Amino acid sequence: MSKTEVTILGAGLAGSEAAWQLARRGIPVRLLEMKPAELTEAHDSPYFAELVCSNSLRSEKAETATGLLKLELAYFNSLILETARACRVPAGNALAVDRAAFPRLITERLREHKLIKICEKRVDSLEELGESYRIVSTGPLTGGPFFDSLERHFGQKKLFFFDAAAPLVEGDSIDRRIAFRCDRYNAGQGDGDYLNCPLSKEQYLRFYEALTQAERAEIHDFEKKLLFSGCKPVEDLADEGVDTLRFGPLKPVGIELPEGGEAYALVQLRQDDFAGSLWNMVGFQTRLKFPEQERVFHLIPGLEKARFARYGVMHRNSFLNGPELLQGLYQCREDPKLFFAGQMTGVEGYLESAASGLSAALALAAELGCEDKAMLLPLRGRQTILGGLAAYVRSPSADFQPMKANFSLLDPLERTEVRALRQKYGLRRGGRKEKRLAYALRSLEHLGVDEESLMRICEESAGNHEPRD
């Protein structure tokens, strides 16, 4: 057991994961969190690791970047991933969780650990954390005095973008005579995890016109160009052209209507809790004013009388200039005892945040002699998603913006590597799915996953339709 106590500021996904990983390695943790006394404008739960936008952690298929990231996190016994699987709700090939149960269980596990001391307090400056080892994971809503202290400390100007959350619909207010169950590319209807609301051309054009003309919550002109395209509001997508939504969140491809054929456009809803009483409007992040959301979204067939348990909201996200400030695994260039984690580092997404917390904790544990430094080698290059994310946030960039897990983070596969993996695991020749599976196998081999487990992953992947990440 280490004699050095590590201070972690913020008990979101990254901070919770970091605290757990350090405590598992015998390192005492002081976890500082201002909840439940204070909440940000986007939070409403007193529990740690609250999910603000969607309840989905995206695809579990190994041949997707998020699926591979889950496999990498599982290798390191991730608290966030393990808890998510314990709280999962139906979502096809995706991992979605009960939004209330997930943070409650995370909080319980952290409070029960003997090496984690939780201090409920607000911290207004970096100096309050002392000069020993610490991890700052205050999240994408970091602002106020603490963010000002970071600006003063590093001499950096504030960077920020905006993130939008989709509305939640009460399940018993959805018209099931119109909305039908089916997963994309399912053989038939009635047994899927998603509810689908089909639109004819006439219905779509009426909805599109109302959406583009609806009144939006005001933001300043200079902020508009900072909207992060990875979570762009649905009305902003609509502004790009009449068919943009039909090739994006309202894409009808892969869904057969109960009466046969394909819809002109289609809205999907994903279950948000165990009971199926709440449904998330997939891809409908928005900054429309609340009365406008009622008016416009009631034009969607099946949602004419929908009751909204939560309207879509928009909130500020802040992040650091990682290429200027970070080195290694989320370590501060100027102060090697200071680490950062979470979306404030420039990673984007729930699991990506947890991944940064895990990586930072492992690096810090190695500094304290509580983790084999050889274990960190697969995380320092670009052969794993964990390593690719860490490399991205520290790499020079002319226009640094947050990044989700994707295969472009990895070093390209050489032909000789593809050939060897194909022969070893019996992969089929060609196809994007097989190439992505080859990337996954290389990454997991790099971590040290045994061959039997990798063969099982190949068998589970075989025969599946190419998934959406």
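Residues numbered from 1 in each chain as written. Predicted model: local features only at pLDDT ≥ 70, side-chain atom pairs only at ≥ 80, totals over all residues. Heavy atoms only, no water.

**Q** I'm lost on the overall build of the protein in this one. Help?
**A** The helix and strand inventory of the protein stands at 16 helices and 18 strands. Principal-axis analysis of the C-alpha atoms places the extent of the protein at approximately 65 × 55 × 45 Å. The proportion of buried residues among the 469 residues of the protein is 57%. Roughly 19600 Å² of accessible area belongs to the protein as shown, and the carbon and sulfur atoms make up 48% of that amount. Computed over 62 positive and 68 negative side-chain charges, the separation of the two mean positions in the protein equals 3 Å. (Helix = DSSP H or I, 4+ residues; strand = E, 2+ residues; numbered from the N terminus. Buried < 20%, exposed > 50% of the residue type's maximum accessible area, 1.4 Å probe, protein only. Areas by Shrake-Rupley, 256 points an atom, 1.4 Å probe, with all protein chains shown as cover. Lys, Arg positive; Asp, Glu negative; His and termini not counted. Charge placed at Lys NZ, Arg CZ, Asp CG, Glu CD.)

**Q** Sorry if this is basic, but what is going on with the sheet that holds strand S3 (residues 56-59) here?
**A** Sheet strands line up and pair through hydrogen bonds in the backbone, either parallel or antiparallel. Pairing in this open sheet of three strands is antiparallel, and the strands run S3-S5-S4 from one edge to the other. What marks the edges here is a single partner per strand, and that holds for S3 and strand S4 (88-89). Across two bridges, the pairing between S4 and strand S5 (residues 94-97) is antiparallel. Considered in S5, the bridge of Val89 is made with Ala96. Sheet strands in contact with helix H2 (residues 65-75) are S3 and S5, and its direction is about 110° off that of S3. (Pairing = 2+ DSSP bridges. Contact = heavy atoms within 4.5 Å. Axes fitted to C-alpha atoms, helices over the stretch in contact; angles between N-to-C directions.)

**Q** What am I meant to see in the sheet that holds strand S14 (residues 308-310) here?
**A** In spatial order, the strands read S10-S11-S12-S13-S9-S14; together these six strands make up an open sheet with antiparallel pairing. The outermost strands of the open sheet, each flanked by one partner alone, are strand S10 (180-181) and S14. Relative to strand S11 (residues 194-199), S10 runs antiparallel, the two being bridged by two bridges. Counted as the bridge partner of Arg181 is Leu195 from S11. Contacts between helix H6 (residues 201-213) and the sheet are confined to S11 and strand S12 (265-271), with S11 contributing the most and set at about 95° to the helix.

**Q** Looking at this structure, I do not really get H2. What am I missing?
**A** Helical geometry note: an α-helix holds 3.6 residues per turn, so side chains three or four residues apart project in the same direction. Burial analysis of H2 places eight of its 11 residues in the buried class, which makes it a mostly covered element. Taken together, the buried positions of H2 are Ala65, Thr66, Gly67, Leu68, Leu69, Lys70, Glu72 and Leu73. Check the buried side of H2 and you find it contacts S3, helix H3 (79-86), S5, helix H11 (350-367), helix H13 (385-394) and helix H15 (432-447). Immediately downstream of H2, the backbone of Asn77 shows phi near 55°, a positive value.

**Q** Can you help me understand helix H4 (residues 101-112) in this one?
**A** With 12 residues, H4 should reach 16 Å at 1.5 Å per residue; the first-to-last C-alpha distance of 17 Å fits that figure. Listing the buried residues of H4 in full gives Ala101, Phe102, Pro103, Ile106, Thr107 and Leu110. The inward-facing, buried residues of H4 abut helix H1 (13-24), strand S2 (29-33), H3, S5 and strand S6 (116-120). (Expected span 1.5 Å × (residues − 1).)

**Q** Quick question: what am I supposed to make of unusual backbone geometry here?
**A** Among all residues save glycine, negative phi is the norm, and among peptide bonds the norm is trans. The backbone of Asn77 shows a phi angle near 55°, a positive value even though the residue is not glycine. Turning to its location among the elements, Asn77 is positioned in the loop between H2 and H3. Here the phi dihedral of Tyr330 falls at roughly 65°; this positive angle occurs in a residue that is not glycine. Its place among the elements puts Tyr330 in the loop between strand S16 (326-327) and strand S17 (331-332).

**Q** Quick question: what am I supposed to make of the environment of Met344 here?
**A** Inspection of the secondary structure puts Met344 in the loop between strand S18 (338-340) and H11. Along the chain, Met344 and Leu320 lie 24 residues apart, while their C-alpha atoms are 5.7 Å from each other. Those residues in contact with Met344, other than ones at most four positions away along the chain, are Val136, Ser137, Thr138, Gly139, Thr142, Leu150, Ser318, Phe319 and Leu320.

**Q** Help me understand the pairing of S12, please; the structure alone is not making it clear to me.
**A** Along a regular strand, successive side chains alternate from one face of the sheet to the other. In terms of burial, S12 is a largely internal element, seven of the seven residues being buried. Here S12 shows a buried face lined by Ala265, Val267, Leu269 and Gln271 and a second buried face lined by Leu266, Gln268 and Arg270. Pairing analysis gives six bridges linking S11 to S12, with the strands arranged antiparallel. Paired with Tyr194 across the bridge in S12 is Arg270.

**Q** Help me understand the packing of H1 against H4 in this model?
**A** If you want to describe how two helices pack, look at the angle between their axes and the distance between the axes. Orientation of H1 relative to H4, taken along the N-to-C sense of each, is 30°, at an axis distance of 11 Å. Our pair here, H1 against H4, has a crossing hand that is left-handed. Of H4, the residues touching H1 (which contributes Leu13, Ser16, Ala19 and Trp20) are Phe102, Ile106, Arg109 and Leu110. Of the residues that constitute the contact of H1 with H4, the class distribution is six nonpolar, one polar and one charged. (Left-handed = near helix turned anticlockwise from the far one by under 90°. Nonpolar A, V, L, I, M, F, W, Y, C, P; charged D, E, K, R; others polar.)

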